[in-house]
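The residues making up each chain are set out below.
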Amino acid sequence: MSRRARTHAPAATAGAARCTVTVCRGCCCGTPKVPGVDHAAQLAALRASLAQVATVRPVNCLDACEHANVIVVQPSAEGRGAGGRPVWLGLVNDPDATGDITAWIRAGGPGLADPPGILDLYAFTPSRRVRRAIGD
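The structure displayed is predicted, hence computed values, not measured ones.

Draft legend 1. A look at the overall build of the protein. Counting its secondary structure elements, the protein contains five helices and five strands. Scanning the protein from its N terminus toward the C terminus, one meets helices and strands in the order α-β-α-β-β-α-β-α-β-α. For the protein, the residues scored as buried account for 41% of the 136 residues in total. Considering only intrachain contacts with a sequence separation of at least 6, the fraction spanning at least 24 residues in the protein is 69%. Of the roughly 7,400 Å² of accessible surface on the protein, 55% is carried by carbon and sulfur atoms.

As structure tokens, then:
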């Protein structure tokens, strides 16, 4: 095994152990179609507050436009082992909701920590076709 491969392997393992936060930034989410939201600030806040505990990745479109802005929180390896499953959150259009999401993820996220009750208002179940697109 080359030195390069050995250096890269732990990073992949460490990333897989973290929650993944998928932030839709496609045709509706993250665009002026959802007015009154500072989309860049929302993404920056997620990245800054979760840098040490989760991977935040913007994607083009999650095909759940009626729920814009959409954020999917996928459990860490430990959270999945404890029964956690991806949680789809829609209409995440204010800083307080973003703050509630980050607090939950910092506490462990799906499978390891109960989400704040307010997030029940944001949770939705997308179609199986859409869930399969991100690996649920």
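Next, the rest of the story.
Draft legend 2. Structural context of the nonpolar core. Judged by nonpolar contacts, the single largest core of 19 residues is most densely connected at Val 21, Ile 71, Ile 101 and Ile 105. Counting only elements with at least two residues in this core, the list comes to strand 1 (19–24), helix 2 (39–50), strand 2 (54–59), strand 3 (71–74) and helix 4 (95–106). Per-element accounting of this core gives the leading share, four residues, to helix 4. Discounting chain neighbours no more than four positions away, the residues touching Ile 101 are Ile 71, Val 73, Leu 89, Val 92 and Leu 119. Judged by nonpolar contacts, the second largest core, of 14 residues, contains Cys 24, Ala 64, Val 70 and Val 72.

Draft legend 3. Inspection of the sheet that holds strand 4 (residues 87–89) at higher detail. The five strands are arranged 2-1-3-4-5 in an open sheet whose pairing can be described as mixed. At either end of the open sheet lies a strand with only one pairing partner, and these are strand 2 and strand 5 (123–124). In terms of strand pairing, strand 3 meets strand 4 through three bridges, oriented antiparallel. The residue bridging Val 72 from the neighbouring strand is Trp 88, located in strand 4. Its contacts with the sheet put helix 2 on strand 1, strand 2 and strand 3, and the angle it makes with strand 2 is roughly 160°.

Criteria and thresholds
Residues numbered from 1 in each chain as written. Predicted model: local features only at pLDDT ≥ 70, side-chain atom pairs only at ≥ 80, totals over all residues. Heavy atoms only, no water. Helix = DSSP H or I, 4+ residues; strand = E, 2+ residues; numbered from the N terminus. Buried < 20%, exposed > 50% of the residue type's maximum accessible area, 1.4 Å probe, protein only. Contact = heavy atoms within 4.5 Å. Areas by Shrake-Rupley, 256 points an atom, 1.4 Å probe, with all protein chains shown as cover. Core = buried A, V, L, I, M, F, W, Y, C linked by side-chain atoms within 4.5 Å. Pairing = 2+ DSSP bridges. Axes fitted to C-alpha atoms, helices over the stretch in contact; angles between N-to-C directions.

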